[in-house]
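Geometric and topological summary
Chain residues, written in single-letter form:
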Number of protein chains: 2
Amino acid sequence: MPKKLMLTSLGILAIAVVLTAPGCMPAIRTDRDTVYQTSTISALMKGVFDGDMTLGELRPYGDFGLGTFQALDGEMLELDGKFYRANLDGSIMEVPDHTYTPFAVVTFFDNDMVVDLEQPTDLSQLQLHIDGKLVSPNYFYAVKVKGKFSSMKTRSVPVQVKPYPTLTDAVKNQQVTELHDVEGTMIGFRCPPYVDGVNVPGYHFHFIDSARKTGGHVLDCVASGVRVTIDGTPSFVLGLQDTKGFQRVNLGAGQPEGLQQVEQGK
Amino acid sequence: MPKKLMLTSLGILAIAVVLTAPGCMPAIRTDRDTVYQTSTISALMKGVFDGDMTLGELRPYGDFGLGTFQALDGEMLELDGKFYRANLDGSIMEVPDHTYTPFAVVTFFDNDMVVDLEQPTDLSQLQLHIDGKLVSPNYFYAVKVKGKFSSMKTRSVPVQVKPYPTLTDAVKNQQVTELHDVEGTMIGFRCPPYVDGVNVPGYHFHFIDSARKTGGHVLDCVASGVRVTIDGTPSFVLGLQDTKGFQRVNLGAGQPEGLQQVEQGK
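The shown structure was predicted, so the numbers you read here are calculated from the model rather than taken from an experiment.

In terms of helices and strands, chain A carries seven helices and 15 strands. Per-residue burial for chain A yields a buried fraction of 62% across its 266 residues. Excluding contacts between residues fewer than 6 apart, the proportion of contacts in chain A whose partners are at least 24 apart in sequence is 78%. Approximately 10200 Å² of chain A is accessible, and the part contributed by carbon and sulfur atoms is 52%.

Counting from both sides, the interface comprises 50 residues of chain A and, opposite them, 50 residues of chain B. Here chain A packs against chain B, burying approximately 4100 Å² in sum over the two surfaces, 60% of which is carbon and sulfur. The interface formed by chain A and chain B includes zero salt bridges. At the boundary of chain A and chain B, one finds 14 residue pairs in polar contact (both at pLDDT 80 or more). Mapped onto the side of chain A that touches chain B, the elements with two or more residues apiece are strand 14 (215-233), strand 15 (235-239) and helix 6 (244-248) of chain A. A total of five residues in the side of chain A that touches chain B trace back to one element, the largest contributor, which is strand 15 of chain A. Considered class by class, the residues forming the side of chain A that touches chain B number 26 nonpolar, 16 polar and eight charged. As judged from the five bridges shared by strand 15 of chain A and strand 15 (residues 235-239) of chain B, these two strands associate in the antiparallel manner. Directly across from Phe236 of chain A, in strand 15 of chain B, lies its bridge partner Leu238 of chain B.

All right, on to the environment of Leu58 of chain B then. Residues and elements named next belong to chain B. Locating Leu58 in the fold gives a position in helix 3 (residues 55-58). With 22 residues separating them along the chain, Leu58 and Tyr36 place their C-alpha atoms 8.5 Å apart. In this structure Leu58 touches Tyr36, Met53, Met76, Phe83, Thr101, Ala104 and Val106, once residues within four positions along its chain are discounted.

With that settled, the discussion passes to the packing of aromatic side chains. Enumeration according to the criterion identifies 16 aromatic pairs over all chains in this entry. Look at Phe246 of chain A and Tyr139 of chain B: their rings are 5.6 Å apart centre to centre, the planes differ by 50°, and that puts the pair in the tilted class. Here Tyr139 of chain B lies in the loop between helix 4 (123-131) and strand 11 (140-156) and Phe246 of chain A lies in helix 6, a pairing that spans two chains. Residue class for Tyr139 of chain B comes out buried when judged on its relative accessible area of 0%. Centroid distance Phe64 of chain B to Phe109 of chain B: 4.6 Å. Interplanar angle 45°. Geometry classified as tilted. Here the residue Phe64 of chain B occupies a position in strand 3 (residues 64-68), and Phe109 of chain B occupies one in the loop between strand 8 (103-107) and strand 9 (113-117), the gap between them amounting to 45 residues. An aromatic cluster of three or more residues is present, and its members are Phe64, Phe109 and Phe189 of chain A. Above the ring of Phe109 of chain A, the side-chain terminus of Lys144 of chain A is found at 4.5 Å from the ring centroid.

In terms of nonpolar packing, the biggest core is built from 130 residues, with Phe149, Met186 and Val228 of chain A together with Phe149, Met186 and Val228 of chain B touching the most fellow members. Those residues in contact with Phe149 of chain A, other than ones at most four positions away along the chain, are His180, Asp181, Val182, Gly184, Met186, Phe207, Cys221, Val222, Ala223, Ser224 and Val226 of chain A. One finds Val95 and Val106 of chain A together with Met53 and Val95 of chain B within the second-largest nonpolar core, a separate group that totals 25 residues.

All names here are of chain A. Summarising the element assignment, Lys213 is placed in the loop between strand 13 (202-209) and strand 14. Accessibility expressed as a relative area gives 56% for Lys213, which makes it exposed. For the pair formed by Lys213 and Val115, sequence separation is 98 residues and the distance between their alpha carbons is 26 Å. Aside from chain neighbours lying at most four places away, what touches Lys213 is Gly90, Ser91 and Ile92.

Attention now goes to the pattern of salt bridges. Residue and element names in this part refer to chain B. The final tally for this structure, using the stated rule, is 18 salt bridges over all chains. The salt bridge partner of Arg190 is Asp131, with a shortest N-O separation of 2.7 Å. Here Arg190 is found in strand 12 (residues 175-191), whereas its partner Asp131 is found in helix 4, with 59 residues between them in sequence.

Regarding helix 4 (residues 123-131) of chain A, the residues found buried are Leu123, Leu126 and Ile130 of chain A. In a view along the axis of helix 4 of chain A, the buried residues occupy a sector of 60°, so they form one face of it.

In the superposition of chain A on chain B (RMSD 0.0 Å, axial shift 0.0 Å), the rotation amounts to 180°. The symmetry that links the two subunits is that of a two-fold axis. Here 100% of the interface residues in chain A have copies in chain B that are interface residues too; the copies meet face to matching face.

The subject of this paragraph is the pairing of strand 15 of chain A. Two faces, one strand: in a regular strand the side chains alternate between the faces of the sheet. Of all five residues making up strand 15 of chain A, five are buried, and the element is well covered by its neighbours. Burial along strand 15 of chain A is two-sided: Ser235, Val237 and Gly239 of chain A and Phe236 and Leu238 of chain A, pointing in opposite directions, are all buried.

On to the confidence of the model for chain A. Residues and elements named next belong to chain A. When pLDDT is averaged across chain A, the result is 88; 87% of the residues are at 70 or more. Contacts of residues 2-26 to residues separated by more than four positions or lying in other chains number 44 contacts, the stretch itself having pLDDT below 50. Both scores are available for the predicted complex, with the pTM at 0.88 and the ipTM at 0.86.

A word on the pairing of strand 3 of chain B. Residue and element names in this part refer to chain B. Counting buried residues in strand 3 gives five out of five residues, a clear majority hidden from the surface. By the bridge criterion, five bridges tie strand 3 to strand 8 in an arrangement that is antiparallel. Across the sheet, Gly67 pairs through a bridge with Ala104, a residue of strand 8.

On its buried face, helix 4 of chain B sits against strand 9, strand 10 (121-122), strand 11, strand 12, strand 13 (202-209) and strand 14 (215-233) of chain B. Capping of helix 4 of chain B at its N-terminal end is provided by Asp122 of chain B; its side-chain oxygen lies 3.2 Å from the backbone amide nitrogen of Ser124 of chain B.

Bringing the side chain of Thr40 of chain B into the picture now. With respect to the helices and strands, Thr40 of chain B occurs in the loop between strand 1 (34-38) and helix 2 (41-45). Of the residues examined, Thr40 of chain B reaches a relative accessible area of 0% and is grouped as buried. Of the polar contacts made by the side chain of Thr40 of chain B, one reaches the side chain of Ser42 of chain B; its length is 3.0 Å. In this structure, Thr40 of chain B is in contact with Tyr194 of chain A together with Phe103, Gly197, Val198, Leu238, Leu240, Phe246 and Leu251 of chain B, ignoring residues within four places of it in sequence.

Rules used throughout
- Residues numbered from 1 in each chain as written.
- Chains lettered and ligands numbered in written order.
- Predicted model: local features only at pLDDT ≥ 70, side-chain atom pairs only at ≥ 80, totals over all residues.
- Heavy atoms only, no water.
- Helix = DSSP H or I, 4+ residues; strand = E, 2+ residues; numbered from the N terminus.
- Buried < 20%, exposed > 50% of the residue type's maximum accessible area, 1.4 Å probe, protein only.
- Contact = heavy atoms within 4.5 Å.
- Areas by Shrake-Rupley, 256 points an atom, 1.4 Å probe, with all protein chains shown as cover.
- Buried area = accessible area lost by both parts, 1.4 Å probe.
- Salt bridge = Lys/Arg side-chain N within 4 Å of Asp/Glu carboxyl O.
- Polar contact = N/O pair within 3.5 Å; in protein donor to acceptor, adjacent residues only side chain to side chain.
- Nonpolar A, V, L, I, M, F, W, Y, C, P; charged D, E, K, R; others polar.
- Pairing = 2+ DSSP bridges.
- Phe/Tyr/Trp six-rings, centres within 6.5 Å; stacked < 30°, edge-to-face > 60°.
- Lys NZ or Arg CZ within 6 Å of the ring centre and 35° of its normal.
- Core = buried A, V, L, I, M, F, W, Y, C linked by side-chain atoms within 4.5 Å.
- Arc of directions from axis to C-beta.
- Least-squares fit on C-alpha atoms with pLDDT ≥ 70 in both.
- pLDDT = per-residue confidence, 0-100.

Next comes the structure, spelled out in structure tokens:
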């Protein structure tokens, strides 16, 4: 293990420079078909809400993704290489590169497959429809759903103070925003079943409207004319935090208790 | 997803060349502090015994590791960049680079920490002792245990024919080799608890004697004068197979049934 992960605000290039010195291998560099993740869902569930990676350091790994911010300060989205925060009230703001994240998942989005859905489709129907198009449920997929939504129910979470609660407790104070007849983009991933504890098996979507003014973590929706684009990825890179919070947290085996409740707002 | 993973017998450089064409990111390149894995333990448990990666393609990701071979043809070890097979009878042979693996885990081994153990220590005591030295149970660690063993109980597995059985069924025909007063090296990893389904949480060791003639998957041992070196790694890269076997297998959530039985030979 390196003495210090050397992830500075200079970004990932700093690592490359350090580690390509004579006798060293190059640092991790991902291709476009890789999902990169900082920290684990099990650590986030247990209240590891401080990270050691900035958005600027995350960007070399992808232009599309989701996550959260230091101290669980809102829902994070990345679209076209720009990072956005969905605040507690559902408003969207662009976020500067020096902002830290305790959990995020990104990739470079490629249109491997396009599916147009014209009929009204709720979230579970949408997911079943996408499932039917996949070559296998055992890969990671980035999923973009762009178009019209007759309803969109999102949530965001309030910033937390130390000592941090569990994510389950933090989400009890979530605020729900309901939109009708809105245009925008759902940014999501479908993870394979064996990632329990690392990430969320199945689908996980965040939403941002086309004006980039409103959004959050998707609890439910009705799509009423959308284009679904799917990017399958055969590689997954997990970068673990070099923080006391991550090192000291007791991470049990398997799917963290309460994950479904947190993800689905139930 | 690439149309084809392009992992040819030319090795990983083939990918780098293809993907560093204008407009593309470089392929995945790992630094020394990364554990690289091909496929998942859940797929191996379900009988995905054919892989699409050769040992030659695996070597750029590490000089130290373990796994198995196409058709589950013995236990695989990598030490100092050389790949070995522990045959069913416990004999060791070096394996050519064009050999395929359906599951393997490798890293570049660095001596982050050294612990000398002079007293007789069985496998569970050894693991507890190492646990006590780790900065955190939440990282991946490569572990090398080199020295004298008053006893060493290993197993290997017979080559399987299609249609492949589950790993649990295949291991029922394992052959156990018991050695006494042997010198050699245990090659292993300690994985964090949240990798259920991806890899084996906790310790997993293979053994090779100092003459590189005998070895296998470690079921039990008594170390009687060993040097333990530990390499902590904050990054993990998962490369998924581009095979029909992997795509079609039904991978359930959480720790695969029977994993403990398979790993501990119980």
